[in-house]
Amino acid sequence: MREIYETVSPLSAFAEVCEWLAFKGWSEAEGGNLSLRIEEDELPEELTASVAEEVDLPLEVPELGGKYLLITGSGTRSRDIATDAATDIGLYRITNDGTAYQWIIGNNRPTSEMPSHCAIQCEFVRSRPEYRAIIHTHPPRLISMTHVPEFKDPKILSDTLLGLQSEARIIVPEGIGHLPFCVPGSLELGVLSAEEIKYRNIILWHMHGALAVGTSLNHALDQLEVVEKASEIYWTLKSAGIPTDGMSEDDLMTSMEYFGRTDRYKNAFKDKE
Ligand code: 13P
Ligand code: ZN
């Protein structure tokens with residue numbers, strides 16, 4: 001069975017992305033976790049045939065009923081996943097009623113952030129099914145942004161950061177969300193994240209880390225790279241005593257129009273009004 005599991009193609013995407021997260025120093029030690037939703041017909045039959053014990057989920061996810069998740073194991077290291085994804089990533093099936101999961105193969109201790117991964121994946125099936133990848137990691141410059149009191153307001157945070165480089169707002173037009181402090185792995189963190197992700201692709205968890213979503217793991221990673229780079233520019237300017245005003249509104253709007261992002265940019269924080 002292990003040989004069959006190793007042929008599941010998304011495992012190589014996990015390895016590739018985790019190598020990068022480790023290399024960047026964002027997923028230190030056991031920091032960070034990832035998940036990817038897959039359909040039954042994307043898996044070898046041998047894997048979907050097994051019937052395992054049911055483990056109750058901390059929340060009900062009816063839309064995920066009968067779907068499969070690849071999830072990083074709790075306490076696993078990104079740098080280890082890079083070389084042996086099949087050992088550290090588990091394959092799970094969500095029961096038809098969405099109240100429990102069944103472990104199938106690979107790692108059998110899902111991440112402590114399971115509430116966030118399940119709540120967000122459930123929201124995706126409901127509202128944007130092409131989204132199926134989630135990355136949570138600890139990028140240092142982005143975490144530092146959450147220490148600045150005025151950036152608790154996600155509009156101020158987004159307008160400041162995403163105006164510092166000409167392509168940042170094109171890639172992240174809906175801006176960056178920010179959640180108040182929640183205990184890592186808590187149900188509260190999961191429920192709030194799933195609510196905020198309806199409007200955005202990136203959320204900062206106060207004094208903890210970042211969570212990004214995408215149609216693939218690489219899509220989620222792309223957006224993390226862009227906002228972490230914007231944060232690097234922010235802190236570089238700050239430490240040199242240079243103003244962080246960034247692009248003019250005119251230049252930003254011209255870019256938004258050119259790339260067809262005007263509506264997404266203008267509607268970015270309508271949910272907060
Ligand atoms: P896990 O090892 O349980 O995934 O926890 C890491 C983490 O970053 C929690 O937020
Ligand atoms: Zn974390």
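Here, the structure is the one placed above.
A brief structural summary. The model shown is predicted, which means the values in this text are computed figures rather than measured ones.

**Notes on the site of ligand 1**
The environment of ligand 1 is made up of Glu30, Gly31, Gly32, Asn33, Ser74, Gly75, Thr111, Ser112, Glu113, His136, His138 and His208. At 2.6 Å from an oxygen atom of ligand 1 is found a side-chain nitrogen or oxygen belonging to Thr111. Measuring from an oxygen atom of ligand 1, one finds a side-chain N or O atom of Glu113 at 2.5 Å. In the complex, the protein chains occlude 92% of the 300 Å² of accessible area that ligand 1 would expose alone.

**Details of empty space enclosed by the protein**
Unfilled space is identified by rolling a water-sized probe across the atoms. Tallied over the full model, the rule gives one cavity of 30 Å³ or more. One number sums up the size of the largest cavity: a volume of about 40 Å³. Cys18, Ser27, Gly31, Gly32, Asn33, Leu34, Thr72, Thr76, Arg77, Ser78 and Ile81 are the residues that line the largest cavity. Breaking the lining of the largest cavity down by element, the ones donating at least two residues are strand E1 (33–38) and helix H4 (78–81).

**Describing unusual backbone geometry**
Backbone geometry places Ala29, a non-glycine residue, at a positive phi of 45°. Mapping Ala29 onto the fold places it in the loop between helix H2 (10–24) and E1. In this structure, Met207 takes a positive phi of about 50° despite not being glycine. The residue Met207 is located in the loop between strand E8 (202–205) and strand E9 (209–214) in this model. Classification of Met207 by relative accessible area gives partly exposed; the value is 44%.

The rules behind these values
Residues numbered from 1 in each chain as written. Chains lettered and ligands numbered in written order. Predicted model: local features only at pLDDT ≥ 70, side-chain atom pairs only at ≥ 80, totals over all residues. Heavy atoms only, no water. Near = heavy atom within 4 Å. Polar contact = N/O pair within 3.5 Å; in protein donor to acceptor, adjacent residues only side chain to side chain. Areas by Shrake-Rupley, 256 points an atom, 1.4 Å probe, with all protein chains shown as cover. 1 Å grid on protein atoms, 1.4 Å probe; cavity = no way out; pocket = protein on both sides within 12 Å on 5 of 7 lines; lining within 4 Å. Points joined across faces, edges and corners; volume = space filled by probe spheres on them. Helix = DSSP H or I, 4+ residues; strand = E, 2+ residues; numbered from the N terminus. Buried < 20%, exposed > 50% of the residue type's maximum accessible area, 1.4 Å probe, protein only.

Without other data, these values stay purely geometric and don't point to any function.
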